[in-house]
Amino acid sequence: MERLIFSKLEQWKNSPTRKPLVLRGARQVGKTWVMKEFGKRYFKNVAYINFDNNAAMKALFEGDYDISRIILALSAETGVSIKAKDSLIIFDEIQEVPRALSSLKYFCENAPEYSVIAAGSQMGVALHNGTSFPVGKVDLMTLYPFSFVEFLMACGNEQMVSVLESGDWPLITALKSKFISLMKEYFYVGGMPQALQTFIDEQDWFKVREIQENLLEVYAQDFSKHASGMLSTRLKQVWTSLPAQLSKENKKFIYGQVKKGARAKDFELAIQWLSDCGLIHLVHSISKPGYPLKAYEELDSFKIYMNDVGLLCALGNTDIKTILDDNSFFVEFKGAVTEQYVLQQILSCTDFKPFYYSSPNSSGEIDFMIQMEDQIVPIEVKSAENLQAKSLKAFHQKYNNRFSVRTSLSDFRRDDWLTNIPLYAIPFIGNFALI
């Protein structure tokens with residue numbers, strides 16, 4: 001399976017200012033496979049160390065941070081002759097040995113010639129437990145579940161990706177029904193590697209759902225394993241509330257919907273925990289669409305999305321017939337699944353950081369706001385072939401912005417300040433929004 005992150009990893013490898021890399025991402029998104037495959041493709045040797053239940057490696061890092069000593073021990077542990085110019089060192093489940101995480105600082109300062117990648121599914125939890133993070137001494141990269149583009153490639157539809165990327169809208173429109181059919185499949189299967197591989201190998205919807213439900217159970221077990229009493233309970237409460245939170249007309253996260261009478265202080269740590277582990281994505285509101293957007297971020301007002309659209313459908317118990325039979329699915333769930341899909345494509349296929357905007361004293365809401373070059377671009381998500389854009393129109397009349405995007409099942413069209421990008425083409429929003 002091809003992952004888009006390989007091009008970013010190659011850029012990291014060739015960067016003259018490269019630091020040790022921390023690869024973030026939720027459990028089971030494929031971090032271990034990506035690191036090993038990257039090593040296989042771009043390095044002569046790969047020294048892979050898994051710190052889970054590895055007493056020898058824990059003892060190694062109990063000593064000093066002399067890099068020569070550490071390299072010698074890693075070579076002995078892995079049986080790999082580690083040379084700076086052609087070897088990749090992989091530290092997996094690094095949160096299990098906090099001093100190994102700290103050692104990245106010394107690789108950066110004293111041995112920058114070595115290529116080191118570290119990952120750990122529960123790294124965010126480890127940091128909550130007092131583990132220090134080598135801030136400023138590492139590069140960071142996030143691996144997300146398979147995007148729609150990666151899903152198409154994995155399923156043997158590389159030519160469909162080429163068509164989308166080309167921007168040949170007459171041809172794209174001619175293939176519209178095929179794109180919509182494939183997108184529906186992606187909504188159900190999602191981007192978790194095991195679920196996708198099962199879909200490719202078995203072509204069995206029920207086995208895919210079984211994999212997804214098992215993964216949701218693994219996540220639930222992690223809550224109990226890595227968090228104590230009350231925090232574990234609150235993690236489960238936030239997690240299971242997400243389908244209901246996203247099905248509201250106003251998708252702002254409401255604490256009272258998790259538990260009656262709940263306040264922010266009751267669930268702040270649980271939300272941070274889930275975010276640090278890559279299980280949820282927080283999209284914060286902005287007070288006004290100013291440049292840069294980050295300057296107007298409101299930290300106490302946000303929407304929460306899950307890490308994967310397929311897992312959202314599984315947690316919400318969405319039936320396969322509802323998704324595949326007709327387009328009514330796209331107006332069910334009040335657009336929650338469609339918004340989840342759009343967010344995932346923005347995160348995994350672009351470098352844009354999404355926000356959202358809600359006008360004071362108004363029910364109008366802009367689903368997402370992104371910053372492209374020096375332009376602020378509002379994005380309205382429509383679940384079907386809906387060409388109305390009331391919120392965008394009101395926003396444009398108020399702020400006179402140059403560019404706006406509506407994404408729906410309708411064909412590509414551009415009318416003055418408003419561009420409609422089909423949902424299946426949204427991974428390439430950076431190519432089309434400002435043209």
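Before any of the text, the structure's been laid out above.
This one's a predicted model, so the numbers in the text were calculated from it and none came from an experiment. (Residues numbered from 1 in each chain as written. Predicted model: local features only at pLDDT ≥ 70, side-chain atom pairs only at ≥ 80, totals over all residues. Heavy atoms only, no water.)

Student: Outline unusual backbone geometry, listing residues and values.
Tutor: Residues apart from glycine generally show negative phi values, whereas peptide bonds are mostly found in trans. Of note, the amide linkage connecting Y291 to P292 takes the cis form, showing an omega dihedral of -5°. Checked against the element boundaries, P292 lands in the loop between β6 (280–286) and β7 (297–306). A positive phi angle, near 75°, is found at Q28, a position not held by glycine. Relative to the helices and strands, Q28 resides in the loop between β1 (21–24) and α2 (31–42). In this structure, N400 takes a positive phi of about 50° despite not being glycine. (Helix = DSSP H or I, 4+ residues; strand = E, 2+ residues; numbered from the N terminus.)

Student: Outline helix α10 (residues 176–189), listing residues and values.
Tutor: Relative to the 20 Å expected for 14 residues at 1.5 Å per residue, α10 spans 20 Å between its end C-alpha atoms, a close match to the ideal helical length. Taken as a whole, α10 has its buried residues at K176, F179, I180, L182, M183, K184, E185, Y186, F187, Y188 and V189. One or two residues past the end of α10 sits G190, with phi positive at roughly 75°. (Expected span 1.5 Å × (residues − 1). Buried < 20%, exposed > 50% of the residue type's maximum accessible area, 1.4 Å probe, protein only.)

Student: So what about the pairing of β6? Which residues, and what values?
Tutor: Where burial is concerned, most of β6 is hidden: 6 out of the 7 residues are buried. Note that β6 and β7 share 7 bridges and pair antiparallel. Bridge pairing links S285 to E298 in β7. (Pairing = 2+ DSSP bridges.)

Student: A description of the packing of aromatic side chains should follow, citing residues and the corresponding values.
Tutor: Scanning the entire structure with this criterion turns up 32 aromatic pairs. Here the aromatic residues F148, F151, Y186, F187, Y188, F199, W205 and Y341 are joined through ring pairs into a cluster of three or more. A cation sits over an aromatic face here: R3 above F146, 3.9 Å from the ring centre. Above the face of the Y48 ring, K36 is positioned so that its terminal group lies 4.1 Å from the ring centre. (Phe/Tyr/Trp six-rings, centres within 6.5 Å; stacked < 30°, edge-to-face > 60°. Lys NZ or Arg CZ within 6 Å of the ring centre and 35° of its normal.)

Student: Describe the environment of E158, and please don't skip the residues or the numbers.
Tutor: Note that E158 resides in helix α8 (residues 158–166). E158 gets classed as partly exposed once you look at its relative accessible area, which sits at 42%. Taking C-alpha positions, E158 is 42 Å from Y106, a pair spaced 52 residues apart along the chain. When near neighbours in sequence (up to four residues on either side) are disregarded, E158 contacts L152 and M153. (Contact = heavy atoms within 4.5 Å.)

Student: Please provide a residue-by-residue account of empty space enclosed by the protein, values included.
Tutor: Scanning the entire structure with this criterion turns up 2 cavities of 30 Å³ or more. The volume enclosed by the second largest cavity comes to roughly 40 Å³. Counting residues per element, the lining of the second largest cavity draws most heavily on helix α18 (residues 336–349), which supplies 3 residues. (1 Å grid on protein atoms, 1.4 Å probe; cavity = no way out; pocket = protein on both sides within 12 Å on 5 of 7 lines; lining within 4 Å. Points joined across faces, edges and corners; volume = space filled by probe spheres on them.)

Student: So what's going on with the side chain of S348? Which residues, and what values?
Tutor: Take S348: it is sitting in helix α18. Looking at S348, the relative accessible area reads 17%, which means it is buried. In terms of polar contacts, S348 uses its side chain to reach the backbone carbonyl oxygen of Q344, at 2.6 Å. If we ignore the near neighbours within four places in the chain, the residues touching S348 are Y144 and S147. (Polar contact = N/O pair within 3.5 Å; in protein donor to acceptor, adjacent residues only side chain to side chain.)

Student: I'd love a proper account of the pattern of salt bridges, names of residues and values included.
Tutor: All chains considered together, the criterion is met by 17 salt bridges. Its salt-bridge partner being R3, residue E150 comes within 3.1 Å of it at the nearest N-O pair. Residue E150 is located in helix α7 (residues 148–154), and its partner R3 is located in the segment before α1 (5–14); the two are separated by 147 residues in the primary sequence. Each of the two residues, E150 as well as R3, counts as buried. When the shortest N-O distance is used, the salt bridge between E339 and K303 registers 3.6 Å. With E339 in helix α18 and K303 in strand β7, this pair connects stretches of sequence that are 36 residues apart. As far as burial versus exposure is concerned, E339 and K303 are alike and both buried. What you see here is one network of salt bridges that share partners, running through E2, E37, K40 and R41. (Salt bridge = Lys/Arg side-chain N within 4 Å of Asp/Glu carboxyl O.)

Student: Report on the packing of helix α4 (residues 67–78) against helix α5 (residues 98–110), specifying residues and quantitative values.
Tutor: Running from amino to carboxyl end, α4 crosses α5 at an angle of 115°, the nearest separation of the two axes being 11 Å. With respect to α5, the element α4 is oriented roughly perpendicular. Taken as a pair, α4 and α5 cross one another with a handedness that is left-handed. Where α4 abuts α5, its residues I67, I70 and I71 lie against Y106, F107 and N110. Tallied by class, the residues present in the contact of α4 with α5 amount to 5 nonpolar, 1 polar and no charged. (Axes fitted to C-alpha atoms, helices over the stretch in contact; angles between N-to-C directions. Parallel < 35°, antiparallel > 145°, perpendicular 65-115°, else oblique. Left-handed = near helix turned anticlockwise from the far one by under 90°. Nonpolar A, V, L, I, M, F, W, Y, C, P; charged D, E, K, R; others polar.)

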